[in-house]
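This is what each chain is made of:
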Amino acid sequence: MADQIEGRCLCGAVKIQLEAPAGWVGVCHCRMCQRWSGSLWAGFPADHETITVTGPVRRYRSSQLAERAFCETCGSHLWMRDHKEGAPYDLMPGLFDESRTWPLQGEIYVDEAMASMAMAGQHRRATAAEYRAKNPETEGVSDE
Ligand SMILES: [Zn+2]
Ligand SMILES: [Zn+2]
């Protein structure tokens, strides 16, 4: 795997350089991700010290816990990130050419998935309750 990769939004105004990419993708089917992404959300984690961002980034505070960022010009989704200082990024895989060959590592909120977005294959799966039990800070977090 390449040590450094570069991604961009649809219009090219935002560029993201990344060192040591994760090499896998995770999916979330929660109601907030459905609304934001149109169907399901896919992302991969990156330490904040490994990425460099340039361009017109807009941030939307989607919950008490996290922000979601997008390109001000074309609207391409860029990342989701906790508000905490030094929090890792969850970057959108589609920004990077390299991620097109990465495997699906797991999906969460599977019990809230749209019927049209059922995913086949051998990967980790967690329901909303299972995910929240492991991540107690997400309890009660929603946009509604
Ligand atoms: Zn753009
Ligand atoms: Zn979600």
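Structure shown above.
Residues numbered from 1 in each chain as written. Chains lettered and ligands numbered in written order. Predicted model: local features only at pLDDT ≥ 70, side-chain atom pairs only at ≥ 80, totals over all residues. Heavy atoms only, no water.

1. Quick look at the sheet that holds strand β1 (residues 4–8)
- Overall, antiparallel pairing links the three strands, which are arranged β1-β2-β5 in an open sheet. The sheet terminates laterally at β1 and β5 (51–54), the two strands that pair on one side only. Neighbour-to-neighbour, the strand axes of the sheet open up by a mean angle of 15 degrees, direction not taken into account. (Pairing = 2+ DSSP bridges. Helix = DSSP H or I, 4+ residues; strand = E, 2+ residues; numbered from the N terminus. Axes fitted to C-alpha atoms, helices over the stretch in contact; angles between N-to-C directions.)

2. Looking at the sheet that holds strand β4 (residues 41–46)
- Here eight strands make up an open sheet; going across it, the order is β6-β7-β8-β9-β4-β3-β10-β11 and the pairing mixed. Every interior strand has two partners, whereas the edge strands, β6 (57–61) and β11 (124–126), have only one. In this sheet, adjacent strand axes meet at a mean angle of 25 degrees when their direction is disregarded.
- By the bridge criterion, three bridges tie β4 to strand β9 (residues 89–91) in an arrangement that is antiparallel. Following the sheet pairing, P45 is matched in β9 by D90.

3. Thoughts on the coordination of the zinc ion (ligand 2)
- Surrounding the zinc ion (ligand 2) are the protein donor atoms C28 (SG), C30 (SG) and C33 (SG), which sit 2.2 to 2.4 Å from the metal.
- Of note, the zinc ion (ligand 2) draws all its donor residues from one chain, in the sequence arrangement C-x1-C-x2-C.
- When its relative accessible area of 2% is taken as the criterion, C33 is described as buried. (Donors = N, O, S within 2.8 Å, 3.2 Å for Na, K, Ca; no water. Buried < 20%, exposed > 50% of the residue type's maximum accessible area, 1.4 Å probe, protein only.)

4. Digging into the coordination of the zinc ion (ligand 1)
- Coordination of the zinc ion (ligand 1) by the protein involves C9 (SG), C11 (SG), C71 (SG) and C74 (SG), with metal-donor separations of 2.3 to 2.4 Å.
- Relative to the metal, the four donor atoms surrounding the zinc ion (ligand 1) lie at angles of 104 to 112 degrees, and the coordination shape comes out tetrahedral.
- Residue classification places C71 among the buried positions, given a relative accessible area of 0%. (Tetrahedral: all angles 85-135°; square planar, octahedral: opposite > 155°, others 65-115°.)

5. Quick notes on the nonpolar core
- If you look at the biggest cluster of nonpolar residues, it comprises 29 residues, and the most contacted ones within it are I16, L18, L78, W79, L91 and F96.
- Elements that contribute at least two residues to this core include exactly β2 (15–19), β3 (25–28), α1 (31–37), β4, β7 (66–71), β8 (77–82) and β9.
- In this view, I16 contacts I5, E6, G7, I51, T52, V53, W79, L91, L95 and F96; residues no more than four positions away in its chain are not counted. (Core = buried A, V, L, I, M, F, W, Y, C linked by side-chain atoms within 4.5 Å. Contact = heavy atoms within 4.5 Å.)

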